[in-house]
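Given next are the chains, with one letter for each unit.
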Amino acid sequence: MARKMKTPEVTEVSEAQIAVHWKEEQHYQPPEKFKAQANMRDPRILEKFGLDTFPDCFKEYADMLTWFEPYRTVLDTSDAPFWKWFVGGKINASYNCVDRHLDTYRNKAAFIFVPEPEAERDVAITYEELYTRVNEAAALLRGLGLKAGDRVTMHMPMVPELPITMLACARLGIIHSQVFGGFSGQACGSRIQDSGSRVLITMDSYWRNGSLTDHKANADIAVRTAKDLGQDVDKVLVWQRYPGKYAGKTPMVPGRDVFVNDLLKEYTGRKVEPVALPSEGQLFLMYSSGTTGKPKGVQHSIAGYLAYVTATARWILDIHPEDIYWCMADIGWITGHSYIVYGPLAIAATSVLYEGVPTFPDAGRPWRIAERLGVNIFHTAPTAIRMLRKLGPQEPRKYNYHFKSMTTVGEPIEPEAWRWYYDEVGKREAVITDTWWLTETGGFLGTTVPAIHPMKPGSCGPGAPGIHPVIYDETGTEVPKGSGKAGNICIRNPWPGLMQTLWGDRDRYVKTYYGKYNKKPHSKDWRDWPFLCGDGAVQAADGYYRILGRVDDVINVAGHRLGTKEIESACLTVPEVAEAAVVPVLDEVKGRVPDVYIAIKPGVQPSQDVIDRVVKANEEVIGKIARPKHVYIVPDMPKTRSGKIMRRVLASISNRRDVGDVTTLANPDVVEQIRTMVQGKDTVTTKEQLPEDIAKFGENE
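Read on for a plain summary of the structure. Per chain, residues are indexed from 1 in the order of the written sequence. Residues qualify for local features only when their pLDDT is at least 70, as the model is predicted, and side-chain atom pairs are given and counted only at 80 or more; totals for whole chains, interfaces and linings, by contrast, use all residues. The basis for every side-chain value is the complete set of heavy atoms in the structure, and neither hydrogens nor water enter the calculation.

With that out of the way, let us pick up the overall build of the protein chain. By the criteria applied, helices consist of DSSP H or I runs no shorter than four residues and strands consist of E runs no shorter than two, each listed in order from the N terminus. Across its full length, the protein chain carries 20 helices and 30 strands. A compact globule built from 701 residues should have a C-alpha radius of gyration of about 27 Å, and the protein chain, at 24 Å, falls within 12% of that. Taking the principal axes of the C-alpha coordinates as reference, the protein chain spans close to 70 × 60 × 55 Å. Between buried and exposed lies partly exposed: a residue is buried under 20% and exposed over 50% of the maximum accessible area for its type, with that area taken using a 1.4 Å probe on protein chains only. Here the protein chain holds 701 residues, and 64% of them are scored as buried. Any two residues whose heavy atoms approach within 4.5 Å are treated as being in contact. Contacts spanning at least 24 positions in sequence make up 73% of the contacts within the protein chain whose residues lie at least 6 apart. Computed by Shrake-Rupley with a 1.4 Å probe, the accessible areas treat only the displayed protein chains as cover when residues are assessed. For the protein chain, the accessible surface area stands at approximately 25600 Å², while carbon and sulfur atoms represent 49% of it. If you average the places of the 86 positive and of the 87 negative side-chain charges in the protein chain, the two averages end up 1 Å apart. Radius of gyration means the value over C-alpha atoms here, while the globule rule gives 2.2 Å times the residue count to the 0.38 power. Here the positive residues are Lys and Arg and the negative ones are Asp and Glu; neither His nor the chain ends is included. Where a charge lies is defined by one atom per residue type: Lys uses NZ, Arg uses CZ, Asp uses CG and Glu uses CD.

Structure representation (structure tokens):
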């Protein structure tokens, strides 16, 4: 259903700021029971991480690791802004995640693998078994002639063989590049080419939404794509979902493809000493997930990255060795690297590793898993929270689990969704850490320390220990806290988890992340290099930051720069609305106006009344300037395999442009349904170029 709205009045606002209309939310205090057991509960610790103690304050992070040789310099700025951390030290990430725990935690589960089919048993992998399997895999890789500095691309699903392979690479100093399993073969191939990988490691199949997916087919496409781009792949190593049985449908290529499970028999029981690697050596590449343009190969170091995710896993996630921790993300994204693999393993955690989708076979699946395994720390994305709220708002009540801590990651969470997460999922017993960070940053940037800071719906909190954010307007003027004005959030200082560079593209790294606000391009002083995060934000009087979404996703309405997240949040105050997506549409009078797409909760009938109340909510929460041009009630949102709404596709539909290739989406059929709803049955797309701001909208999905 759609409704065309009247033209709102034109008002003036400075181009240098993003308009903000958030209402202040109340604070929620952490329970005393949680504070009493927390890893970090003394507020005085935060005083150690002021700018006056930078960079030596990060020695406390490095001290959580085991070093083969001690470092000499905490931070080397001689090649600013290519920061080098803990210079002179020798270290190995695999050793820190596995070997050093054997004396104390040999028989403790490192991972509990939960297959998607509920009939299949959970598989617990102890630290001793993890040690054995990582060593054998490392011996296999070494047997293929791979060595420190070589790159290996992985295109794998959520199975134990993925972290095992990553740790085997880290043991030898091989730089791994894991491509999200839901990405197409073409996307994998472009990443192979950019990294210069000659080995692809994949899996024959995996379970997804009740179907056994033939994943091997993507490997053939990836190799062909890489070759077309000028990069040959010599070997394709194929793990078997069911060892000893080939569950794929795509034939193996003789001479190129080999089953890892067969090859491993030659390396049974082999031990590989972890290589003592330079602190500033490269641990992995993580390619940005943008749907357009050349992917960016974000390069992370060994020591700096590992120190940062170790400390934040201990202090922010509050993981203790006796906890059962579940990060319901995918290792193909940075969240999985940092807070499923490296951070939790470095502190001897027990982590749940779930293969499938959280709503299979129904919306109660996560809560059944949590109840059965005794999960007490839960970590997921607002996308998943909204989806579970939509499909089963009262499902958590049916299960007897108890979380002490819950984390959100990946995008801002609206206050309405936050409150459901707190009330229903956390049963008002758990603390919530609403974290904000990026692939490039390695770990949390904005977050509460859960036993020290109160929670505030919709706000990530202050900077993490050692992180000093600042908000600048377009002119480079600092926006004061409590002013009600927004701008571009930056970080004043470098930190150990920050990327080293973009793989093979130093110039793009400097231009993208520092070019906007650096005024002294030859300076070696870190103070001259504020890091541009690419998000709009506002800081409240209490010092908490509210992230408004990507600056690229701001809609400029008659001079007002409106954050799409703010409009979507207003839509979600209407009880019937489960999900909302906002996109810009060309308008002759105002330049751009918002189009709103909403999905309603099960059992709710589409109606003009719901549309009217969505419009009213935007007028009341934000103002008439945010009144949408159209409100569309859609059967579902077009989503990626990881569950993110593809706003770029919706923007193309609203602006009557071709949507491009949508075959890799989780639900491509819904795109045509929405297109017909908006444009009519006949295709009326135009070939005209979109203005750059709309063309770039949603690039960071």
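Once that is clear, we can look at the sheet that holds strand β28 (residues 577-587). Across the sheet, three strands lie side by side as β28-β29-β30; this open sheet has mixed pairing. Each edge of the sheet is formed by a strand with only one pairing partner; in this case those strands are β28 and β30 (630-633). Strand-to-strand, the axes of this sheet are offset by a mean angle of 20°, without reference to chain direction. Paired strands, in this sense, are two strands between which DSSP finds at least two bridges. Relative to β30, strand β29 (residues 591-600) runs parallel, the two sharing four bridges. Angles run from 0 to 180 degrees between N-to-C directions of axes, and those axes are lines fitted to C-alpha atoms, restricted for helices to the stretch in contact.

Let's shift gears to the packing of helix α13 (residues 382-391) against helix α14 (residues 415-425). Running from amino to carboxyl end, α13 crosses α14 at an angle of 70°, the nearest separation of the two axes being 10 Å. As far as their axial angle goes, α14 and α13 are roughly perpendicular. For the pair formed by α13 and α14, the contact residues are I385, R386, L388 and R389 on the first element and E416, A417, W420 and Y421 on the second. Of the residues contributing to the contact of α13 with α14, the split by class is five nonpolar, no polar and three charged. Roughly parallel means an angle under 35 degrees; roughly antiparallel means over 145; roughly perpendicular covers 65 to 115; every other angle is labelled oblique. All amino acids are sorted into three groups, where Ala, Val, Leu, Ile, Met, Phe, Trp, Tyr, Cys and Pro are nonpolar, Asp, Glu, Lys and Arg are charged, and the leftover types, Gly among them, are polar.

Turning to the environment of G463, a few remarks are in order. With respect to the element layout, G463 can be found in the loop between β20 (431-434) and β21 (469-472). Considered as a pair, G463 and T435 are 28 residues apart in the sequence and their alpha carbons are 9.8 Å apart. Excluding its chain neighbours within four sequence positions, the residues that come into contact with G463 are L445, G446, T447, P469 and Y545.

A word on unusual backbone geometry. In this model, A80 is joined to P81 through a cis peptide bond whose omega is 0°. You can see P81 is positioned in the loop between β1 (73-76) and β2 (84-87). In this model, F360 is joined to P361 through a cis peptide bond whose omega is 0°. Residue position: P361 is located in the loop between β17 (350-354) and α12 (365-373). Not every positive phi belongs to a glycine, and A348 is a case in point at roughly 60°. For A348, the position within the fold is in the loop between α11 (334-346) and β17. Classification of A348 as buried rests on a relative accessible area of 1%.

Further remarks concern the packing of aromatic side chains. Only the six-membered ring of Trp is used, alongside the rings of Phe and Tyr, when aromatic pairs are assigned; centres must lie within 6.5 Å, and planes under 30 degrees apart are stacked while those over 60 apart are edge-to-face, with the rest tilted. One pass over the full model with this rule turns up 41 aromatic pairs. Seen from their ring centres, F68 and Y95 are 5.2 Å apart, and the 65° between their planes marks the pair as edge-to-face. Here F68, found in the loop between α2 (59-62) and β1, pairs with Y95, found in helix α3 (residues 93-97); they are 27 residues apart in sequence, far enough to count as distant. Taking the relative accessible area as the measure of exposure, F68 reaches 33% and is therefore partly exposed. When its relative accessible area of 23% is taken as the criterion, Y95 is described as partly exposed. Note on F284 and Y305: the rings are 4.9 Å apart at their centroids and 80° apart in plane angle, and the pair reads as edge-to-face. Residue F284 is located in strand β14 (residues 282-287), and its partner Y305 is located in helix α10 (residues 303-315); the two are separated by 21 residues in the primary sequence. Each member of the pair, F284 as well as Y305, is classed as buried.

Salt bridges, as used here, are contacts in which a Lys or Arg side-chain nitrogen is within 4 Å of a carboxyl oxygen on Asp or Glu. Taken as a whole and assessed by the stated rule, the structure comprises 44 salt bridges. D257 serves as the salt-bridge partner of K216, at 3.0 Å between the closest nitrogen and oxygen. Here the residue K216 occupies a position in helix α8 (residues 216-228), and D257 occupies one in strand β12 (residues 257-259), the gap between them amounting to 41 residues. As far as burial versus exposure is concerned, K216 and D257 are alike and both buried. A salt bridge links E414 to R386; the nearest nitrogen and oxygen atoms lie 3.0 Å apart. Taken together, the residues E414 in the loop between β19 (405-408) and α14 and R386 in helix α13 connect sequence positions 28 residues apart. Across the pair, R386 and E414 agree in class, each one buried. Here the residues in one salt-bridge network are E118, D362, R365 and R368, joined through shared partners.

A few words now on the side chain of T441. Of note, T441 is situated in the loop between β20 and β21. On the accessibility criterion, T441 (0% relative accessible area) is buried. Setting aside residues up to four positions removed in sequence, T441 forms contacts with H300, W495, G497, L498 and F531.

Counting 124 residues, the largest nonpolar core has W83, F86, L141 and Y342 as the members making the most contacts within it. Look past the residues within four positions of F86 in its chain and what remains in contact with it is F58, A62, W67, Y71, T73, V74, S279, A303, G304, A307 and P496. In terms of nonpolar packing, the next biggest core, distinct from the first, is built from 37 residues, A38, F378, I385 and M455 among them. For this analysis, a nonpolar core means a set of buried residues of the types Ala, Val, Leu, Ile, Met, Phe, Trp, Tyr and Cys, connected via side-chain atoms within 4.5 Å.

With that settled, the discussion passes to the packing of helix α16 (residues 564-571) against helix α17 (residues 608-621). Direction vectors running N to C along α16 and α17 enclose 125°, while the axes themselves pass 8 Å from each other. When the interaxial angle is binned, α16 and α17 end up oblique. As for how α16 packs across α17, the hand of that crossing is right-handed. On the side of α16, the interface is formed by I567, A570 and C571, while α17 contributes V614, A617, N618 and V621. Its residues assigned to classes, the contact of α16 with α17 shows six nonpolar, one polar and no charged. Left-handed describes a crossing whose near helix is turned anticlockwise from the far helix through less than a right angle; right-handed describes the clockwise counterpart.

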